[in-house]
Amino acid sequence: MAQSLELLLIQFLMPDNDARRQAEDQIKRLAKDPQVIPALVHHLRTAKTPNVRQLSAVLLRKKITGHWAKLSPQLRQLVKHSLIESITLEHSPPVRRASANVVALILFSSLTETIGNSFQPHFADLQSLLLKCLQDETSNRVRVAALKAVGSFLECTHDGAEVVKFREFIPSILNVSRQCLASGEEDVAVIAFEIFDELIESPAPLLGESVKAIVQFSLEVCSSQNLETSTRHQAIQIISWLAKYKSNTLKKHKLVIPILQVICPLLAEASENDNDDDLAPDRAAAEVIDTMALNLSKHVFPPVFEFSSLSSQSVNPKFREASVTALGVISEGCLELMKNKLEPVLQIVLGALRDPEQMVRGAASFALGQFAEYLQPEIVSHYESVLPCILNALEDASDEVKEKSYYALAAFCENMGEEILPFVDPLMIKLLSALQNSPRHLQETCMSAIGSVASAAERSFIPYAERVLELMKIFMVLTKDEDLRSRARATELVGIIAMSVGRMRMEPILPPFIEASIAGFGLEFSELREYTHGFFSNIAEILDDGFAQYLPHVVPLAVSSCHLDDGSAVDIDESEDENVNGFDGVSSDDEAHDEPRVRNISIRTGVLDEKAAATQALGLFALHTKSSFAPYLEESLKILVRHSTYFHEDVRLQAITSLKREYRTGLVDILTAAQAIFQSQHEGPTKAIEVLDTVMNIYIKTMTEDDDKEVVAQACMSISDFIKDNGYMAIESYIVRLVEATMILLREESACQQTESDGEIDDDDTEHDEVLMDAVSDLLPAFAKSMGSQFAPIFENMFGPLMKFAKASRPPPDRTMVVACLAEVAQHMGAPIAGYIDVAVMPLVLKELLSSVATNRRNAAFCVGELCKNGGDSVLKYYGDVLRSLYPLFGDSEPDNAVRDNAAGAVARMIMVHPESIPLNQVIPVFLKVLPLKEDREESAAVYS
């Protein structure tokens, strides 16, 4: 067999086409014989001609792939040992050894997915051999083949202890990659980044000191403008993964500033490609900075702010653009730090809004929109300087600047209250003009801006509503593909206006808008369907039970959206990996045909957004129409339960981010509706209990097992709301599990709180998610409200983990979170709070009364009042200190009315419980001076009593 096969292989490699075809037919017949594998192995090891060895390797791969399990143990052992032996070949001549090494390494790479697990007993030997090949000084081809083999081997290695050993490979991997870059083999060099990607995402402590070398190499590559964009993007992506998965490692090795010193200037790099090129260095750099800000906020803000301050004065407009882009990008992650520096930050951005260069003005408008979205409520207090600048930008000569200015205006106005009233008329004059005279894409952003103005102005928008609604009728009957996004925005805007002007004005004129919205579903445009679900949600909210007449029309639409296929679309090319001749194109460095080719991969986010909006709509329909929703309850509940456990984390996060409370709150809405429905149908509590059981099991599981912090936070908020609304009896059978899940979150041990294993984790590390912990801390007052003094033994166990967030090393938001939680627990638990007054609570609260942050002073004032009210005699010894600490909050030096109102509430509570311990002749005049209450009306009961 071996001799005849060798002759056929040689014949196949001849230039004569007829001879090749004859050889191919005979090789195919021989391939059916089980003895062909030993023959191929023999030629792989001994053939003198490199091409014969290569062809033997290709045929061996085809014979083994997919058939490994069917081979006899003897054949499997033969193949493994032959591969290892071929990689070694220590005593062969250098040229032959290199050629054999390369063929064996490539064959090994291509077979790891099929037979990788069977190599585990030889792990140590293989690691040693691969490392030796990576360091082979006689052949670059061997080093390159070894680099590919390491990548394949790592993918099939799942044991943490074994993966850690790959740390030894990093210097050699970097060395080979640098050599490949120097010789123009970028496609090979990027294999290093694929290997680092695997190492970074592994939970094992892999990188150690070598992280410095990886970062240095990545920075070298991403800043080299002579390299391909895709290569540089791979390098930038490694920095992004490190920031996401190994942020503590970057802190420990002091790499944050060196990274930003290279990445920030990339924002100013001019791209030769289309502006929408996601691989462009400036775009990729923005993504990295965003990721770093989200995970390393206090380390990122100072160097980025320094870069922006200097670059804003640059003569190069690209750097001026980069200065404001950087500030916009970090506004989500560094929001607390930026709030404290809002004056100088706004000075840079508002200055850029007047820049002579369009690109700079556009970036400034983008940054303002980001600030308006993330720097609430502080940014709104600057409306007198910000809104006039945005108004001017709406008149910009550039459509791009106008579009971003509409976005900034929409984001800014959305969170305004009565402050917007003086600006409504000038804003609407410009917006209505633009709506009628602008291109479609500007009309879309203009409609978003009008929606935000309407939402902020509320009833003051009534004078403009009729005209806007008449214009929307024109948009809501457009049917051309290029107009459907405008139709979607118009549908959304009608729903927002309806919320602002109310049921009385909208109900009589609704039918044509409802008909147009339903008709839009037949146009097969996901974004239009998404916004239509939002429109129906708003209409259900204003009509309440009056919406029942539309349920037969709109519920099936929501259900159909929920049932849409929303998975990733992947097209696999399963055609044969050889050409018509079967074996042509084989070379020692060609792996292009080793795997089925992925032609296209895409995540259908439009459908996911539509699904999210439909899920929200079902919950709101149930909440507002109550018993009328009975026919749809069972199917809706099944949908909501299914959506509570979504698939891929990135896709789930997009849905959860857009939903906020939607599908999690939707379950609570369904539960509220279910109780009303079952009571009205005289079916007793049984079905309502079944619904409750389903919902609570989902929430409790989510608290500890879901790996997304926003999802977990929403579950906690939904549980808090449900407990507050329904009391202890509704959750009695779940209390043990709820308390256990809450303890896990307080100890930061849930799935979503797992941190990297590289480096040491500082117990005082503050890089946690504030939204999550705020939601977790809200559970304690909810328990206390439902249980009263019976909460005391549970609170005893929770107190220690909670107080960890109140340490002096923690940032102000953490400390005020604890103080607010203690205040509400004291309010609802009552007398048992006395046991904690001396332990740590009163010293903490007195210190927080002196905080430089208004929110901290406000919560501390409320808390000290509740402690005095419920703390009994144990608090009397603190009365003098409390009054001295509260006194400054009554004076002109206190700028915040809400702080002053809460200080008045605290004094009122002290007077009510222990008037004999208060020097009333001194306190009452000061107390009366700050009345009436200015902002926090919830203090009215205590103060005016």
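As the structure is a prediction and not an experimental result, all values here were calculated from the model.

1. Topic: the overall build of the chain
Piece 1. Check the secondary structure of the chain and you find 49 helices and 2 strands.
Piece 2. Classification of the 945 residues of the chain by burial places 55% in the buried group.
Piece 3. For the chain, the accessible surface area stands at approximately 40,800 Å², while carbon and sulfur atoms represent 51% of it.

2. So, the nonpolar core
Piece 1. Among the nonpolar cores identified, the biggest contains 166 residues, and Phe196, Phe371 and Phe461 are the most heavily contacted of them.
Piece 2. If you tally residues by element for this core, the top one is helix α26 (residues 440–457), at 9 residues.
Piece 3. In contact with phenylalanine 196, other than residues within four places in its own chain, are Ile170, Ile173, Leu174, Ile214, Phe217 and Ile238.
Piece 4. Of all hydrophobic cores here, the second largest spans 93 residues; its members include Met703, Phe783, Leu802 and Leu883.

3. Points about the pattern of salt bridges
Piece 1. Inspection of the entire model under this criterion finds 27 salt bridges.
Piece 2. Here arginine 858 makes a salt bridge to aspartate 936, at a shortest N to O gap of 3.2 Å. A residue pair is termed long-range when its members are at least 10 positions apart, and arginine 858 in helix α45 (residues 854–870) and aspartate 936 in the loop between α48 (920–929) and α49 (940–944) qualify at 78 residues.
Piece 3. By relative accessible area, arginine 858 is classed as partly exposed at 30%.
Piece 4. Counted as one network, the salt bridges with shared partners bring together Glu336, Lys339 and Glu378.

4. Quick word on the side chain of serine 786
Piece 1. Among the structural elements, serine 786 can be located in helix α41 (residues 770–787).
Piece 2. Residues in contact with serine 786, not counting those within four places in the same chain, are Ile723, Gly727, Tyr728 and Ile731.

5. Side note on a nonpolar patch on the surface
Piece 1. There is a patch of nonpolar side chains on the surface, built from Leu920, Ile924 and Leu928 and spanning about 230 Å² of accessible area.
Piece 2. Relative to the elements of secondary structure, leucine 920 occurs in helix α48.
Piece 3. The exposure class assigned to leucine 920 is partly exposed, which follows from its relative accessible area of 34%.

6. Remarks on the environment of proline 265
Piece 1. Relative to the elements of secondary structure, proline 265 occurs in helix α16 (residues 256–266).
Piece 2. Taking the C-alpha atoms as reference, proline 265 lies 9.2 Å from serine 223; in sequence the two are 42 residues apart.
Piece 3. Sequence-distant contacts of proline 265, defined by excluding residues within four places in its chain, comprise Leu260, Phe307 and Phe319.

7. Some words on the confidence of the model for the chain
Piece 1. Predicted confidence across the chain gives a mean pLDDT of 79, with 72% of residues reaching 70 or more.
Piece 2. Taking the mean pLDDT of every element in the chain, the minimum, 33, falls on helix α35 (residues 649–659) and the maximum, 96, on helix α40 (residues 735–746).
Piece 3. Here residues 89–100 is modelled with pLDDT under 50, and outside its nearest four sequence neighbours on either side it reaches 17 contacts, counting other chains as well.
Piece 4. Within the model, the stretch residues 567–604 combines pLDDT values under 50 with 63 contacts to residues more than four positions away or in other chains.

8. Here's the deal with unusual backbone geometry
Leave glycine aside and you will find that most residues have negative phi; peptide bonds, for their part, are mostly trans.
Piece 1. In this structure, proline 377 follows glutamine 376 across a cis peptide bond, with omega equal to -5 degrees.
Piece 2. Assignment of secondary structure puts proline 377 in the loop between α22 (358–374) and α23 (383–393).
Piece 3. Along the chain, leucine 931 connects to proline 932 via a cis peptide bond; the corresponding omega equals 0 degrees.
Piece 4. Inspection of the secondary structure assignment puts proline 932 in the loop between α48 and α49.
Piece 5. The phi dihedral of glutamate 524 is positive, around 55 degrees, even though this residue is not glycine.
Piece 6. The topology assignment puts glutamate 524 in the loop between α30 (511–520) and α31 (526–543).

9. Some remarks on α45
Piece 1. Compared with an ideal rise of 1.5 Å per residue, which puts 17 residues at 24 Å, α45 spans 24 Å between its outermost C-alpha atoms and is within 8% of the ideal.
Piece 2. α45 sits mainly inside the fold: 13 of its 17 residues count as buried.
Piece 3. Immediately beyond the C-terminal end of α45, within one or two residues, lies glycine 872, with a positive phi of roughly 65 degrees.

10. As for the packing of aromatic side chains
Piece 1. Under the defined criterion, the tally for this structure stands at 15 aromatic pairs.
Piece 2. Ring centres of tryptophan 241 and tyrosine 245 lie 6.0 Å apart, and the angle between their planes is 55 degrees; on these two criteria the pair is classed as tilted. Linking tryptophan 241 with tyrosine 245, this pair stays in helix α14 (residues 229–245), spanning 4 residues, or about one helical turn.
Piece 3. By relative accessible area, which is 22% here, tryptophan 241 ends up partly exposed.
Piece 4. Looking at tyrosine 245, the relative accessible area reads 26%, which means it is partly exposed.
Piece 5. Their ring planes at 50 degrees and their centres at 5.6 Å tell us that phenylalanine 629 and tyrosine 632 sit as a pair that is tilted.
Piece 6. Under the relative-accessibility criterion, phenylalanine 629 is labelled buried at 0%.
Piece 7. Site record: aromatic cluster; members linked through ring pairs are Phe783, Phe791, Phe795, Phe799 and Tyr836.

11. A few points about the UniProt feature "repeat: HEAT" (unreviewed entry) in the chain
Piece 1. Residues annotated in UniProt with the feature "repeat: HEAT" (unreviewed entry) correspond here to residues 345–383 and 386–421.
Piece 2. Here residues 345–383 is 67% helix and 0% strand, with 15 Å between the C-alpha atoms at its ends.
Piece 3. In the segment residues 386–421, helix accounts for 67% and strand for 0%; the C-alpha atoms at its two ends are 15 Å apart.

12. Regarding the packing of helix α19 (residues 317–330) against helix α21 (residues 342–352)
Piece 1. At a minimum axis separation of 10 Å, α19 and α21 run at an interaxial angle of 130 degrees. One element, α19, and the other, α21, form an angle in the oblique class. At the point where α19 passes α21, the crossing takes the left-handed sense. Residue-level inspection shows Ser323, Val324 and Leu327 of α19 in contact with α21, the latter providing Val345, Ile348, Val349 and Ala352.
Piece 2. Taken together, the residues that form the contact of α19 with α21 break down as 6 nonpolar, 1 polar and no charged.

13. Quick notes on the side chain of asparagine 856
Piece 1. Within the fold, asparagine 856 resides in helix α45.
Piece 2. The contacts of asparagine 856, once residues within four sequence positions are left out, are Pro812, Arg815, Thr816, Glu848 and Ser851.

14. Some thoughts on the environment of phenylalanine 217
Piece 1. Locating phenylalanine 217 in the fold gives a position in helix α13 (residues 211–222).
Piece 2. Overall, the relative accessible area of 0% leaves phenylalanine 217 in the buried class.
Piece 3. Expressed as a C-alpha distance, the spacing of phenylalanine 217 and arginine 178, which sit 39 residues apart in the sequence, is 8.5 Å.
Piece 4. Once you skip the residues sitting within four places of it in the chain, phenylalanine 217 turns out to touch Leu174, Ser177, Arg178, Leu181, Phe193 and Phe196.

15. Considering a negative patch on the surface
Piece 1. A contiguous patch of negative charge, built from Glu332, Glu373, Glu414 and Glu710, is present on the exposed surface.
Piece 2. One can find glutamate 373 in helix α22.
Piece 3. Classification of glutamate 373 as partly exposed rests on a relative accessible area of 42%.

16. Thoughts on the environment of arginine 505
Piece 1. With respect to the helices, strands and loops of the structure, arginine 505 is situated in helix α29 (residues 503–506).
Piece 2. Classification of arginine 505 by relative accessible area gives partly exposed; the value is 46%.
Piece 3. In this structure the C-alpha to C-alpha distance between arginine 505 and alanine 465, which are 40 residues apart in sequence, comes to 9.8 Å.

Calculation criteria
Residues numbered from 1 in each chain as written. Predicted model: local features only at pLDDT ≥ 70, side-chain atom pairs only at ≥ 80, totals over all residues. Heavy atoms only, no water. Helix = DSSP H or I, 4+ residues; strand = E, 2+ residues; numbered from the N terminus. Buried < 20%, exposed > 50% of the residue type's maximum accessible area, 1.4 Å probe, protein only. Areas by Shrake-Rupley, 256 points an atom, 1.4 Å probe, with all protein chains shown as cover. Core = buried A, V, L, I, M, F, W, Y, C linked by side-chain atoms within 4.5 Å. Contact = heavy atoms within 4.5 Å. Salt bridge = Lys/Arg side-chain N within 4 Å of Asp/Glu carboxyl O. Patch = residues over 30% accessible without salt bridge, like charges linked within 9 Å, V, L, I, M, F, W, Y side chains within 5 Å. pLDDT = per-residue confidence, 0-100. Expected span 1.5 Å × (residues − 1). Phe/Tyr/Trp six-rings, centres within 6.5 Å; stacked < 30°, edge-to-face > 60°. UniProt positions renumbered as here; feature names shortened; annotations may be inferred. Axes fitted to C-alpha atoms, helices over the stretch in contact; angles between N-to-C directions. Parallel < 35°, antiparallel > 145°, perpendicular 65-115°, else oblique. Left-handed = near helix turned anticlockwise from the far one by under 90°. Nonpolar A, V, L, I, M, F, W, Y, C, P; charged D, E, K, R; others polar. Lys, Arg positive; Asp, Glu negative; His and termini not counted. Charge placed at Lys NZ, Arg CZ, Asp CG, Glu CD.

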